[in-house]
Amino acid sequence: RRSGGPLAFETLAMTPIFSVHNDHIKALARLAAKPAERRSSGKLLLEGIHLLDAYLARHTQVEEVLIQTDALSHPEVHALRRRLPASCRQVEVNAAVMAKLSSLSTPGELVAVVALPAPPAEPEQGSILLLEAVQDPGNLGHSAHRRCGGHPPGLAVTTLRRPMVSQGAACRDGRTLCPGYPHR
């Protein structure tokens, strides 16, 4: 800890929300579950420390971060909180709320609300893998590497039947598969 007092993120008031019946939590759960809701709102949820870290490496705007109480003392969460913009609302939630918001069988430590990235104006040079009506992510990252010679610059998924599909698509070298949507 620095000698000048508490760090800026430690002095930020966190709004506690511990009910799955809270209207804001219900709205975020719809955002997590329904692609049409994400398109109409222009927002999406990033689940977990690593997705938020990758997002912050390329983008500066984060609308809100919901952090599970147990994760507040986690060193990686501390590091991410330091990188959040001052305008970002930080909310403390319990395990039940995090489970309601998560599409994962084991919910992560945090969920971030960010603007849905606009697709790039021009496609990158090279190969792009187009997938339609993906129902089971299986080993999507491995498939993308095999189909595109190991280095696919772009992945376009027209319909995600399950939100985990986009989380399973990661490059070995850390590059982005979904244009505008970073993965690690």
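As a starting point, this report considers the structure included with it. (Residues numbered from 1 in each chain as written. Predicted model: local features only at pLDDT ≥ 70, side-chain atom pairs only at ≥ 80, totals over all residues. Heavy atoms only, no water.)

## Some details on the nonpolar core
Stage number 1. If you look at the biggest cluster of nonpolar residues, it comprises 20 residues, and the most contacted ones within it are L52, V62, V65, I67 and L110.
Stage number 2. Of all the elements in the fold, those that place two or more residues in this core are β2 (43-47), α4 (49-58), β3 (64-68), α5 (75-83) and β5 (110-115).
Stage number 3. Not counting chain neighbours up to four residues away, the residues in contact with L52 comprise L46, V62, V65, L80, L84, L110 and A112.
Stage number 4. Counting 15 residues, the second-largest nonpolar core is a separate cluster that includes L31, L45, V91 and V113. (Core = buried A, V, L, I, M, F, W, Y, C linked by side-chain atoms within 4.5 Å. Buried < 20%, exposed > 50% of the residue type's maximum accessible area, 1.4 Å probe, protein only. Helix = DSSP H or I, 4+ residues; strand = E, 2+ residues; numbered from the N terminus. Contact = heavy atoms within 4.5 Å.)

## Details of the sheet that holds strand β4 (residues 89-93)
Stage number 1. With mixed pairing, the five strands of this open sheet are ordered in space as β1-β4-β3-β5-β2. Two strands lie at the open edges of the sheet, namely β1 (15-17) and β2, each paired on one side alone. Averaged over all adjacent pairs, the angle separating strand axes in this sheet is 25°, with direction ignored.
Stage number 2. The pairing of β3 with β5 spans four bridges and is antiparallel. Residue pairing in the sheet places I67 in a bridge with L110 of β5.
Stage number 3. Here α4 sits on the sheet in contact with β2, β3 and β5, set at roughly 30° to β5. (Pairing = 2+ DSSP bridges. Axes fitted to C-alpha atoms, helices over the stretch in contact; angles between N-to-C directions.)

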